[in-house]
Number of protein chains: 2
Amino acid sequence: MADFSQISLDPAANTPIYKQLADGIRSLVDSGTIQSGEKLPATRELAGLLGLNRTTVSAAYAVLEQSRILEGHVGRGTFIAARTSAANTNGGESTLDWESILPPLENATTASSKIGITFASSRPAQRSFPLAEFRQLTKDVIDSAEATQILQLGSSHGYLPLRRFLFERASAAGIARASDDLIITNGCQQALDLLARLFFSENRAGNSGVVLEDPVYHGLIRVFSRAGANIISIPLDASGLDPALLEETLQQYRPRLLVVTPSFQNPTGATLPIDRRKRIVELAQRYSVVLVENDIYSELRYQGPHLPTLKELDESSNTILLRSYSKVSFPGLRVGWVIAPQPLIARMAEAKQLSDLHSDQLSQAVLLRFAQSGELLRHLERTRAAGSDLLTCVLDACARFLPTGSRFTRPTGGMSLWVELPAPLLAESLLRRATERGVDFLPGRYFSARRPHARGFRLSFGGLTPDEIVRGLKILGEAAQAELATLTQSAPLEPVAALV
Amino acid sequence: MADFSQISLDPAANTPIYKQLADGIRSLVDSGTIQSGEKLPATRELAGLLGLNRTTVSAAYAVLEQSRILEGHVGRGTFIAARTSAANTNGGESTLDWESILPPLENATTASSKIGITFASSRPAQRSFPLAEFRQLTKDVIDSAEATQILQLGSSHGYLPLRRFLFERASAAGIARASDDLIITNGCQQALDLLARLFFSENRAGNSGVVLEDPVYHGLIRVFSRAGANIISIPLDASGLDPALLEETLQQYRPRLLVVTPSFQNPTGATLPIDRRKRIVELAQRYSVVLVENDIYSELRYQGPHLPTLKELDESSNTILLRSYSKVSFPGLRVGWVIAPQPLIARMAEAKQLSDLHSDQLSQAVLLRFAQSGELLRHLERTRAAGSDLLTCVLDACARFLPTGSRFTRPTGGMSLWVELPAPLLAESLLRRATERGVDFLPGRYFSARRPHARGFRLSFGGLTPDEIVRGLKILGEAAQAELATLTQSAPLEPVAALV
């Protein structure tokens, strides 16, 4: 058996231990120390060997299985998979060995065709798209005189009529200040990418730290780690980010950026109450940290009062506000925007020009018409009414079907909530059993800034019907019972430390 | 006067000397060694002081003027500009000083409203857009059942029906192989950006060199320099990249990537003949360099026979083909694509997911319909007929109006040609005079991979009428005569070394 003790694990490093372990095993495979087909020690055995919690080893194995480096065979154990790409025979004139010159793939997931009910996707229900209105408004746009302008090369700042409309509305609402500017991006993801580039990959001088919520949207973690940022994470409670923990973190790390999703955070659904919002804005000012407000869900509030954005509360100009039409209208049309001080927007426009010149103008013009006509507001009202019913339904079904001892968040809007399974259940094992029964979800490791969240998972309900939610949760409950039965039969339980 | 001799200039470095000089002056300003309002030595004086050619100093000043670090006052000289953003008074609770925490802006250009005829923009003529067809096809798309699919969250690989269509067509044409795959990008710019990330900023191990043509499209240089690539440049001749120079370069630098625009290169308009194409493909194979083929203009051929792509000629699988609908249809709809071996496309899709999830689907569906219906082909035929007339017109007008001793390329397609002015004329000075007369163009430094191209400029004619071309070139000729008269009156000419 390979000498796993040579894998160096540093509990003080910012990379979580399970990722360090996965990287270490990957290196042993790459170097040929472990060969294809070789069997790996059981998670319990390796955990004992390395002095780790078994959930950490499970999380590392899950990552490697996902990357197709390991293969699990039920009842036989875990093995090093055969290489997917055969090495090239390099003769005189060579064909490039693409697998060897490129970084490894991260997400080798393949969607299963067996899935009938998916809690995995945080997107709106297709059936509720206002198709007739969309068709009419698009026709109005393309029949108008502005069609020529839309089809010609545009500005990196965005389609001017939309940019003006959004800025004027934000000014009237007290969100945008005279010293601010606005840029259109391809959804919120591109805004995050441009910011990660500006503050980290292209601007390496000085501090490289970014503070993220944990758990948090996978694409947010990855975009900052890709840019070389040093990820610092803060665990969330039921009301989101705790200002006391934040202050400790800011004192200790003096990070450059802080990214917060104040309303209906993905994946927990948590919303920051007003006192926390004010306190976070104050702390960002006191510690001179740039505050990035990821505000793409706030219009999907089903209960309770409207809360001001961090940008509104920020008397200084430290806050960068990110918004998007994707979650509240049509995700296939990629239109988001950023409101921030002029010097920042100027840099973002320059970075965007190099990234893709400018955003697609047809969708910008159509969404402008959608907003101006009042149809977006009517659509939002319908979405909120339907969302409120779905939320009630999913909370009831969670209480009814999830195994005893489960904890789950109680959001007041958005599309997702977060479940923590009771020990010894693991989200990955539950997912395997659920998938066999036609139901899936995203397990905790997708949302892991630092902690593995091996017992946590996200339930996204925004695209489902009440009936699907009930049936899906019933199946999850049955899968959990089946898994529990196997676990308690097969082995005595080891005590497990709390994860959050 | 500040001590300019402390600026370190390294002729062996990959950064061109004029850029090194500009950076050096910028540092003197940033450090306060030179203050706002201070006058800089005349270009001739500083050139003498530093042992440089005067055109090098002019190019450096032009860069700094563009960045608003310097201000020129006619008849008085060149001065350090006042800071655009006042420094913040940092009290206890601070407002961020955005200018100081962000990298400097590069392109502080503002379009002049005085410009009547612009040779600056390489884009198709708005008047020739097939608006009626576009309107009808868009209506067909949005009225179809696929509208729902278009509006829902899509794939990072692109809209499947378009992806299939493009891949099948490329397969039938012998361009795509069974081992290839295809990804849709937001135009060609995003494809370049994703490649620069994969091969350089996110994959720093090993060789960091990229070979570029010189002069070359500004957005191509910047996307690779932003990614931290080591830019290696090869000067072009009338037939584009010379394989003999390429072989020397590959031997000397062993770069990772080679980017070639084989047809109607931007800015020179040069097209590689078939023997050069074959030789370049062979060299890429021999030296195991990844060949990126920027093929966005090849359908705009006005004269001469069709030539095969490098991808077709490449029997191995070293070539990455970049194509786009932007130059041949509607630039405002951002749809390009990449055909390359499957392992590369998989990585690009992963990178794209982090960059902006996926490309806008409405435009993808509309452009698919445009291509499938045959309207794109009809539009291309009309564009080629019109382009042929424009090309004849611009070549005639160049011969007639440009000052004696000017050299210009003679492309057989595309949208641009390249002019080299005779000494002592400089493109920047000509541009200033032309702008006063309502005509503009992009001077050589925009296309500078390494050489300053101080006498070169790009003439883009694709968006103009024959009448505008003739009037514009007549004005350029007059501006050049006026500049010549001033130059020969004001000072004896110094001998100038050839630039290309």
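Draft legend 1. Layout of the overall build of chain A. If you tally the helices and strands in chain A, you get 17 helices and 15 strands. Computed over its C-alpha atoms, the radius of gyration of chain A comes to 24 Å, within 12% of the 23 Å expected for a compact globule of 500 residues. Its C-alpha atoms put chain A at 70 × 60 × 50 Å along the principal axes. Counting every position in chain A, which comprises 500 residues, the buried fraction comes to 50%.

Draft legend 2. Molecular detail of unusual backbone geometry. Residue and element names in this part refer to chain A. The step from aspartate 214 to proline 215 runs through a cis peptide bond, and the omega angle for that step is 5 degrees. By the secondary structure assignment, proline 215 is in the loop between β5 (209–214) and α9 (218–226). You will see that arginine 254, though not glycine, has its phi angle at about 45 degrees, which is positive. Along the polypeptide, arginine 254 turns up in the loop between α10 (243–253) and β7 (257–260).

Draft legend 3. Representation of the relation of the copies chain A and chain B. Aligned on chain B, chain A shows an RMSD of 0.1 Å; the corresponding rotation is 180 degrees and the shift along the axis is 0.0 Å. Those values place the two copies in the arrangement expected of a two-fold rotation axis. Counting the interface residues of chain A, we find that 100% of their copies in chain B are interface residues as well, pointing to one common contact surface.

Draft legend 4. Layout of the interface of chain A and chain B. In this assembly, 68 residues from chain A lie in contact with 68 residues from chain B. Elements represented by at least two residues in the side of chain A that touches chain B include exactly α4 (98–101), α5 (131–143), α6 (147–151), α8 (187–201), α9, α11 (274–286), α13 (342–356) and α14 (361–372) of chain A. No other element matches α13 of chain A, which puts 8 residues into the side of chain A that touches chain B. For the side of chain A that touches chain B, the class distribution of residues is 26 nonpolar, 25 polar and 17 charged.

Draft legend 5. Here's a closer look at the domain arrangement of chain A. All names here are of chain A. Along its sequence, chain A is carved into domain 1 (4–85), domain 2 (117–128 + 377–490) and domain 3 (141–373). Using C-alpha coordinates to define each centre, domain 2 is positioned 27 Å away from domain 3. Counting from both sides, the interface comprises 29 residues of domain 2 and, opposite them, 30 residues of domain 3. Mapped by element, the contributors of at least two residues to the side of domain 2 that touches domain 3 are α15 (375–401), β12 (416–420) and β15 (456–460). Here the residues of the side of domain 2 that touches domain 3 sort into 10 nonpolar, 14 polar and 5 charged.

Analysis parameters
- Residues numbered from 1 in each chain as written.
- Chains lettered and ligands numbered in written order.
- Predicted model: local features only at pLDDT ≥ 70, side-chain atom pairs only at ≥ 80, totals over all residues.
- Helix = DSSP H or I, 4+ residues; strand = E, 2+ residues; numbered from the N terminus.
- Rg over C-alpha atoms; globule rule 2.2 N^0.38 Å.
- Buried ≥ 20, exposed ≤ 12 C-beta atoms within 10 Å, placed from the backbone.
- Least-squares fit on C-alpha atoms with pLDDT ≥ 70 in both.
- Contact = placed C-beta atoms within 7 Å.
- Nonpolar A, V, L, I, M, F, W, Y, C, P; charged D, E, K, R; others polar.
- Domains from an automatic or database assignment.

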